[in-house]
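Here's the letter readout for the chains.
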Amino acid sequence: RKEVEQDPGPFNVPEGATVAFNCTYSNSASQSFFWYRQDCRKEPKLLMSVYSSGNEDGRFTAQLNRASQYISLLIRDSKLSDSATYLCVVNRFSGGYNKLIFGAGTRLAVHP
Amino acid sequence: SQTIHQWPATLVQPVGSPLSLECTVEGTSNPNLYWYRQAAGRGLQLLFYSVGIGQISSEVPQNLSASRPQDRQFILSSKKLLLSDSGFYLCAWTPLDRPISGYTFGSGTRLTVV
C-alpha cells in the first residue's frame, strides 16, 4: 500500500464548478499535511497547509480527518487557471528526521 | 528573501555517462536540503536529504549519490547513468528550525538518459 494515495483523475470540470479531491495516508503518526499544486513540467508549489480544524484560503478549503487518515481539498468556483495536478503531502518521521511524502497527484482540467 | 537555484534545466545524457546536478540556496543559513525525483506520470520520490555540511542520508539504494560541500550547496551525482535514471529532479529546502514546514522547490532538472 502506498503511503499517500490519491485518485489520479483527471477531473474534467466546467468553469465555476466545485470540485473535491481526496487523499488517504497510511502512517497514523503523521502530523503535518499539505496540498501542493504542480503545473505541467514545473516544480510543485505549496498551495496550503492542512490543519486539524480545517482551513480556508479564498476558494480553497482543506479538511483533515485524523481518525480516518483522510485529507480533502475543495475548490469552489473553478477557474481555467486552476488546471493543474494537486499533490497531497504528509510528513514521515524516520531515522531521526522528518521528511515529506508526496502522493502521485490528482489532475484537474477546468474547461470553458 | 530566500531563493533556490537549480541547474541545468534540461539534460540529455548517454547511458554510462556521469552526472552532476547542482542546487544552491540563497538568503538563509543551515537549511535542510532535499533531492527528489519524479518519473514520468509518477509521484515525487525522496532520494537524499541533508541537515548540514557533509551530512547526507539516503532514502533508497540506487545509482546516485549526493554531497553537501558547503552549507547552501547540494549536489546530486552519478558515476554511470542508467536508462532508469531518467526523470525530473527537484531540489528543495526548509528552514533548519522548521523541517516539516512546506518545502520550497527549485525549478528542476529534466534528465533524459538515452
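Quick caveat: nothing in here was measured; it's all calculated off a predicted structure.

Asker: With reference to specific residues and values, describe the sheet that holds strand S3 (residues 19–26) of chain B.
Answerer: Sheet strands pair by backbone hydrogen bonding; their relative direction is either parallel or antiparallel. All names here are of chain B. Read across the open sheet, the 4 strands follow the order S1-S3-S8-S7; overall the sheet is antiparallel. Lying at the two open borders of the sheet, with one neighbouring strand each, are strand S1 (3–7) and strand S7 (65–70). In this sheet, neighbouring strand axes are inclined to one another by 20° on average, regardless of whether the strands run parallel or antiparallel. Bridge count for S3 against strand S8 (residues 73–78) is 6 bridges, and the pairing is antiparallel. Directly across from Ser20, in S8, lies its bridge partner Ser77.

Asker: Got a sec to walk through the interface of chain B and chain A? Specific residues and values, please.
Answerer: Opposite the 21 residues of chain B that make contact, chain A presents 21 residues. Applying the counting criterion to the chain B and chain A interface returns 2 salt bridges. Measuring nitrogen to oxygen at the nearest pair gives 3.1 Å for the salt bridge that ties Arg92 of chain A to Glu59 of chain B. Taken together, chain B and chain A are joined by 8 residue pairs in polar contact (both at pLDDT 80 or more). For the side of chain B that touches chain A, the element with the most residues is strand S5 (residues 44–52) of chain B, which contributes 4 residues.

Asker: Mind laying out the pairing of S5 of chain B, listing which residues take part and the relevant values?
Answerer: Residues and elements named next belong to chain B. Counting buried residues along S5, 7 of its 9 residues qualify, which places the element largely inside the surrounding structure. Pairing analysis gives 6 bridges linking strand S4 (residues 32–38) to S5, with the strands arranged antiparallel. Paired with Trp35 across the bridge in S5 is Phe48. Joining the antiparallel neighbours S4 and S5 is a turn of 5 residues, in which Gly41 adopts a positive phi near 70°. By the bridge criterion, 3 bridges tie S5 to strand S6 (residues 55–58) in an arrangement that is antiparallel. Across the sheet, residue Phe48 finds its bridge partner in S6, namely Ser58. Linking two consecutive strands that pair antiparallel, namely S5 and S6, is a turn of 2 residues; a positive phi of about 75° is found at Gly54 within it.

Procedures and definitions
- Residues numbered from 1 in each chain as written.
- Chains lettered and ligands numbered in written order.
- Predicted model: local features only at pLDDT ≥ 70, side-chain atom pairs only at ≥ 80, totals over all residues.
- Heavy atoms only, no water.
- Pairing = 2+ DSSP bridges.
- Helix = DSSP H or I, 4+ residues; strand = E, 2+ residues; numbered from the N terminus.
- Axes fitted to C-alpha atoms, helices over the stretch in contact; angles between N-to-C directions.
- Contact = heavy atoms within 4.5 Å.
- Salt bridge = Lys/Arg side-chain N within 4 Å of Asp/Glu carboxyl O.
- Polar contact = N/O pair within 3.5 Å; in protein donor to acceptor, adjacent residues only side chain to side chain.
- Buried < 20%, exposed > 50% of the residue type's maximum accessible area, 1.4 Å probe, protein only.

What is shown is where atoms sit, not what they do.
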